[in-house]
Amino acid sequence: MTATLVGSGLTARFGGREVFADLDIGVDAGSVTGVVGHSGSGKTTLLRILAGLTEPAAGRVEQRGVERRPGTIGLLAQHPRGVANPRWTLRRAVAEPATIARRNCDVEQIAARVGLDPALLDRFPAQVSDGQLQRACVGRLLVQAPRFVLCDEPTAMLDPVSARAVIGLLQELVDDGAGMVLVSHQRRLVDARCRDVVDLDVR
Ligand SMILES: Nc1ncnc2c1ncn2[C@@H]1O[C@H](COP(=O)(O)OP(=O)(O)OP(=O)(O)O)[C@@H](O)[C@H]1O
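First, a word on what this report is: a plain description of the structure on this page. (Residues numbered from 1 in each chain as written. Predicted model: local features only at pLDDT ≥ 70, side-chain atom pairs only at ≥ 80, totals over all residues.)

A closer look at the site of the ligand
- Taken together, the residues surrounding the ligand are Phe-14, Val-19, Gly-37, Ser-39, Gly-40, Ser-41, Gly-42, Lys-43, Thr-44 and Thr-45.
- Among the elements that make up the shell around the ligand, the one with the highest residue count is helix α1 (residues 43-51) (3 residues).
- The residue inventory of the shell around the ligand, partitioned by class, reads 2 nonpolar, 7 polar and 1 charged. (Near = placed C-beta within 6 Å. Helix = DSSP H or I, 4+ residues; strand = E, 2+ residues; numbered from the N terminus. Nonpolar A, V, L, I, M, F, W, Y, C, P; charged D, E, K, R; others polar.)

Structure representation (structure tokens):
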């Protein structure tokens, strides 16, 4: 059975104001579903609902064909500084999924894979650039090896070289069989990468 993440009939509402209603979205293993829409249309909210971080006002999210274990969904935030623990070194953050699962991981090898200077691994988030921190977040995803990756404008903070590197690394996760939901304002990127696109503006 193909692993699939499915959201059906999803409605998001804050303080009586409806952000979106009765929305369906799905992504299969090894493919990318795009999410586009104007600022405030609910893209981040949709990712948070898919990740189980926000409860929808209606509808449900299911993972089909996936073994029950923690960490089957990974998130890559638009602003890595907003999610990185400021008191943890990059080494600790990258290794955390392996620490939780009580398995070993070669953090230096992961750093090499994501193009992060190993000397930066013992720094704290405030001591590295946004691009370096985002690469560490991608490294953490590689350690986590989630079945589904939810990416919220993952290159918005990055220079073109770092952006291409991050997109390439995310594509590797998809090539290895992850299903990805990609939120982006860059319609060209979405059209080039995504099999299905959910447009929150034309519903
Ligand atoms: N926790 C919350 N409480 C109240 N309102 C919220 C909350 N989270 C989001 N909203 C509102 O829901 C709407 C959608 O927000 P969301 O961040 O999902 O939009 P977005 O499409 O990701 O925007 P952007 O492209 O600017 O990142 C906005 O009007 C926002 O103010």
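From this point, things continue past the structure.
Topic: the sheet that holds strand β4 (residues 58-64)
- One open sheet holds the 3 strands; their spatial order is β2-β1-β4, and the pairing between them is antiparallel. Edge strands, defined here as strands with exactly one partner in the open sheet, are β2 (17-28) and β4. Direction aside, neighbouring strands of the sheet carry axes that sit 15° apart on average.
- Pairing of strand β1 (residues 4-14) with β4, which is carried by 6 bridges, proceeds in the antiparallel orientation. In the strand pairing of β4, Thr-4 is matched with Arg-64.
- Against the sheet, α1 engages β1, β2 and β4, with an angle of about 125° to β1. (Pairing = 2+ DSSP bridges. Axes fitted to C-alpha atoms, helices over the stretch in contact; angles between N-to-C directions. Contact = placed C-beta atoms within 7 Å.)

Remarks on the nonpolar core
- Counting 53 residues, the largest nonpolar core has Val-149, Leu-150, Cys-151, Met-180 and Val-181 as its most contacted members.
- Considering each element in turn, this core owes the most residues, 7 residues, to helix α5 (residues 130-144).
- Residues contacting Cys-151, with those up to four places away along its chain left out, are Leu-76, Leu-170, Met-180, Val-181, Leu-182 and Val-183. (Core = buried A, V, L, I, M, F, W, Y, C linked by C-beta atoms within 7 Å. Buried ≥ 20, exposed ≤ 12 C-beta atoms within 10 Å, placed from the backbone.)

Things to note about helix α3 (residues 90-100)
- Listed in full, the buried residues belonging to α3 are Leu-90, Ala-93, Val-94, Ala-95 and Pro-97.
- Elements in contact with the buried residues of α3: α4 (107-113) and α5.
- One or two positions beyond α3, positive phi appears at Arg-102, with a value near 55°.

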